[in-house]
Amino acid sequence: MTTPIIRTLSELRAATHAWHMAGETIGVVPTMGALHDGHLSLVAAAKAGCDRVIVTIFVNPKQFNQASDLDNYPRTEEEDARKLERFRVDAVYAPDVSQIYPDGFSTNVSVTGMTDVLCGAHRPGHFDGVATVVTKLFTQSSADKAYFGEKDFQQLMVVRRMARDLDIPIEVVGCPTIREEDGLAMSSRNLLLSDRARVKAPRLSEVMSEVADQLSQGVVFSELQADAVAKLDLAGFTSVDYFELRSCADLSMLERPTEPARLFAAAWLAGVRLIDNIDVPVAG
């Protein structure tokens, strides 16, 4: 089955209107393409939870801080469509920029409070770009449910807050991080790693797991943080943007996992920025 590709908002709305008139539920999986098994797990979840499924493919210029990063982002639409064939999704929505940001577009969606830490602190404006494009995709698709991976946990929290605050009638579903056999969190950016860097990359999740184990044994985070960063440096990571323990509720900093918590990290390896997060069991 060839996956239908929709390019314009008018085509998308014609399809979704018919589905809603038939009483069918719609799930949307927003992506920037370069699909991997992590994305496909979201598609599978959407298929299981909804009557109709739309996968969006749009490389959003508003969430990139550097033009070179936008230019280098992998674009593999034909291959992505082939990967989706076995799921029999109802549509791929792959608009050009004019369908998302038409001439004169001047609106910015900004979520405060949880966007000035972690990736938000190192990528100014990034989450404004995410919130703006996701708002557009939610309203354009008129979906009932949206599926996001927990690998981008901060993004998941921002999107949930945005949908709640703007009264968008959609359920934002978080799905578990999918990993390679060696533990590396799946990401489209992994395609940018050289063979040599790809061998080193799993050290990020290994160090995080080691720290999580120690936290569960009662060691305070401040006694572990510097050593963890040193281990990543030794493994060949050129810099670490952050390595932090934060609350799952509001992303506040923690010394101990006395409430649901996650360990967050972002580190550079051979010019590629890798991010990851893992759940930390509540101590005691």
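Everything quoted here is computed from the prediction, not taken from an experiment. (Residues numbered from 1 in each chain as written. Predicted model: local features only at pLDDT ≥ 70, side-chain atom pairs only at ≥ 80, totals over all residues. Heavy atoms only, no water.)

So, the environment of threonine 112
So, step 1. Residue placement: threonine 112 occurs in the loop between helix H5 (97–100) and helix H6 (119–122).
So, step 2. Between the C-alpha atoms of threonine 112 and valine 158, which are 46 residues apart in sequence, the distance is 8.9 Å. (Helix = DSSP H or I, 4+ residues; strand = E, 2+ residues; numbered from the N terminus.)

Digging into helix H10 (residues 203–216)
So, step 1. Under the 1.5 Å per step criterion, the end-to-end length of H10 is 20 Å for 14 residues, consistent within 8% with the ideal 20 Å.
So, step 2. Where H10 is concerned, the buried positions are Leu204, Ser205, Val207, Met208, Val211, Ala212 and Leu215. What you see down the axis of H10 is that its buried residues fit within an arc of 160 degrees, all on one side.
So, step 3. The inward-facing, buried residues of H10 abut helix H11 (225–235), strand S7 (239–247), strand S8 (261–269) and strand S9 (272–280). (Expected span 1.5 Å × (residues − 1). Buried < 20%, exposed > 50% of the residue type's maximum accessible area, 1.4 Å probe, protein only. Arc of directions from axis to C-beta. Contact = heavy atoms within 4.5 Å.)

What about the packing of aromatic side chains?
So, step 1. Here the structure, examined in full by the defined rule, presents 6 aromatic pairs.
So, step 2. Between phenylalanine 64 and tyrosine 73, the ring centres sit 5.7 Å apart and the planes meet at 75 degrees, which makes this aromatic pair edge-to-face. Exposure class is identical for phenylalanine 64 and tyrosine 73. Each is buried.
So, step 3. Relative to phenylalanine 243, the ring of phenylalanine 221 lies with its centre 6.4 Å away and its plane at 5 degrees, an arrangement referred to as stacked. Of the two residues, phenylalanine 221 sits in the loop between H10 and H11 while phenylalanine 243 sits in strand S7, which places them 22 residues apart along the sequence. The residues phenylalanine 221 and phenylalanine 243 share a single accessibility class, namely buried.
So, step 4. Taken together, the ring pairs in this structure connect Phe58, Tyr101 and Phe105 into an aromatic cluster.
So, step 5. Above the plane of the ring of tyrosine 101 lies lysine 62, whose end atom (NZ or CZ) is 4.9 Å from the centre. (Phe/Tyr/Trp six-rings, centres within 6.5 Å; stacked < 30°, edge-to-face > 60°. Lys NZ or Arg CZ within 6 Å of the ring centre and 35° of its normal.)

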